[in-house]
Amino acid sequence: MLDKLKKLNSQLKSKIYFNHDIGKMTWFRTGGKAELFILAENENELEIIINTIKDYNYLIIGMGSNILIRDKGYKGAIIKLGKGFNSLRVEEDKIISGASILDNNLSKFAKNNSIKNLEFFSGIPGTVGGAIKMNAGCFGCETKDVLREIFIIDKQGNKNKIKATNLELNYRTSNINDSDIITSAIFDISYGDPDTIINNINTIKKKREEHQPIQEKTSGSTFKNPKNYFAAELIEKAGCKGMEIGDAIVSDKHSNFIINQGNASAQDIEQLGKKIIEKVFDKFNILLDWEIKLVGD
């Protein structure tokens with residue numbers, strides 16, 4: 001297979017890298033290497049690549065904003081979608097978005113077209129594909145509220161269209177397989193007052209700046225909110241704010257954020273997360289669930 005990929009590397013616009021330092025591409029800026037890193041240029045080339053590596057482990061990433069690559073790296077291929085998945089357009093009563101569009105850019109595009117209800121995407125780091133996979137949301141809104149359907153390529157290279165109602169979109173979960181690659185999505189649109197839309201985006205931006213350590217090396221919310229609770233409140237009341245392991249620290253600004261304050265290893269971050277889980281469980285008998293995706297050995 002590696003020989004085939006090396007041959008493809010000279011024939012495709014897509015880029016295939018071997019033994020790639022993928023950890024440095026994540027927002028934590030730490031972690032190990034991937035045996036393969038593939039930047040897929042467009043849908044046709046992605047199909048060729050999938051048909052070549054379909055018996056090999058692979059994982060899709062967006063901006064690396066919600067992921068921790070363990071220090072020993074990932075035995076398989078990590079795929080990122082390139083320019084051919086970066087389109088946005090309005091057609092009649094819908095927005096058609098490529099999966100690699102940044103959530104913030106989707107929000108800006110909607111604003112520029114006086115489309116409401118997508119303002120919350122301005123508060124979500126990452127890409128549209130990732131937001132759909134985990135039903136991302138903030139400030140009372142979720143992806144499922146505006147999503148109509150998605151287009152995917154599965155591990156066999158088959159293309160499928162799936163309605164949002166069939167994705168079992170719940171709090172930070174869906175039934176989308178890790179091997180399914182979202183290529184594009186359709187969002188429902190409603191038009192609204194431009195000034196109201198701008199004000200909503202500005203309010204979200206201000207709240208994030210005031211309450212989240214968005215300038216730090218962090219991957220957003222570390223843990224999901226348990227039903228009827230806020231993870232940050234539980235973490236703080238369990239005495240975890242400011243807790244450190246190596247260069248990993250629990251943010252003083254928002255307890256549900258772990259920060260790499262220097263040269264934290266992935267193990268430092270994961271061990272700090274496990275310590276938080278333990279302390280919260282000991283105090284409240286509530287088991288926190290990771291929102292960050294832990295990858296590799």
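Higher on the page you've got the structure.
Residues numbered from 1 in each chain as written. Predicted model: local features only at pLDDT ≥ 70, side-chain atom pairs only at ≥ 80, totals over all residues. Heavy atoms only, no water.

**Student:** Before we move on, could you go through the sheet that holds strand 16 (residues 248-250) and cite the residues and values that matter?
**Tutor:** One open sheet accounts for three strands, arranged 15-16-17; its pairing is antiparallel. Two strands close off the open sheet at either side, each with one partner strand: strand 15 (244-245) and strand 17 (258-260). As paired strands, strand 16 and strand 17 are joined by three bridges and run antiparallel to one another. Residue pairing in the sheet places I249 in a bridge with I259 of strand 17. On top of the sheet, helix 7 (residues 266-284) reaches strand 15, strand 16 and strand 17; it is set at about 30° to strand 16, its chief contact. (Pairing = 2+ DSSP bridges. Helix = DSSP H or I, 4+ residues; strand = E, 2+ residues; numbered from the N terminus. Contact = heavy atoms within 4.5 Å. Axes fitted to C-alpha atoms, helices over the stretch in contact; angles between N-to-C directions.)

**Student:** Go over the packing of helix 1 (residues 2-11) against helix 2 (residues 43-53) with me, naming the residues and quoting the values.
**Tutor:** Where helix 1 meets helix 2, the closest approach of the two axes is 10 Å, and the angle between their N-to-C directions is 165°. As summarised for this structure, helix 1 and helix 2 are arranged roughly antiparallel, according to the angle between their axes. The handedness of the crossing between helix 1 and helix 2 is right-handed. Contacts between helix 1 and helix 2 involve K4, L5 and L8 on the former and, on the latter, I48, T52 and I53. Considering only residue class, the contact of helix 1 with helix 2 consists of four nonpolar, one polar and one charged. (Parallel < 35°, antiparallel > 145°, perpendicular 65-115°, else oblique. Left-handed = near helix turned anticlockwise from the far one by under 90°. Nonpolar A, V, L, I, M, F, W, Y, C, P; charged D, E, K, R; others polar.)

**Student:** An account of the environment of Y56 is needed here, citing residue identities and associated values.
**Tutor:** In this fold, Y56 is placed in the loop between helix 2 and strand 3 (58-61). Distance in space between the C-alpha atoms of Y56 and K155 is 9.9 Å, their sequence separation being 99 residues. When sequence neighbours within four positions are dropped, the list of residues in contact with Y56 reads M1, E35, L36, G76, A77 and K155. A distance of 2.4 Å separates a polar atom in the side chain of Y56 from a polar atom in the side chain of E35. (Polar contact = N/O pair within 3.5 Å; in protein donor to acceptor, adjacent residues only side chain to side chain.)

**Student:** Before we move on, can you summarise the environment of G98 with the specific residues and values?
**Tutor:** Looking at where G98 falls in the secondary structure, it is placed in strand 7 (residues 94-98). Measuring from C-alpha to C-alpha, the distance between G98 and E119 comes to 18 Å, with 21 residues separating the pair along the chain. With residues near it in sequence (within four places) discarded, G98 still touches F85, S87, V128, T183 and S184.

**Student:** Break down the nonpolar core for me, with residues and values.
**Tutor:** Core analysis: the biggest nonpolar cluster contains 49 residues, and I132 and F187 have the highest contact counts within it. The set of elements that each furnish at least two residues to this core consists of helix 1, strand 2 (34-40), helix 2, strand 5 (74-81), helix 3 (103-112), helix 4 (128-133), strand 11 (147-153) and strand 13 (181-188). Residues within four places of I132 in sequence aside, it is in contact with T143, L147, I150, L167, L169, S174, I176, I182, A185 and F187. Ranked by size, the runner-up nonpolar core spans 23 residues in total, among them A231, L234, V250 and L288. (Core = buried A, V, L, I, M, F, W, Y, C linked by side-chain atoms within 4.5 Å. Buried < 20%, exposed > 50% of the residue type's maximum accessible area, 1.4 Å probe, protein only.)

**Student:** Would you mind going over the pattern of salt bridges in detail, with residue names and values included?
**Tutor:** For the coordinates displayed, the defined rule picks out 16 salt bridges. E142 is the salt-bridge partner of K144, the closest N and O atoms lying 3.9 Å from each other. On the accessibility criterion, K144 (36% relative accessible area) is partly exposed. Among the residues examined, E142 registers a relative accessible area of 17% and is labelled buried. Note that E291 and R172 form a salt bridge whose closest N and O atoms lie 3.9 Å from each other. Separated by 119 residues along the polypeptide, E291 in the loop between helix 7 and strand 18 (293-295) and R172 in the loop between strand 12 (159-163) and strand 13 bring together distant segments of the chain. Here E291 matches R172 in class, with each residue buried. Through salt bridges with shared partners, one network takes in E142, K144, R172 and E291. (Salt bridge = Lys/Arg side-chain N within 4 Å of Asp/Glu carboxyl O.)

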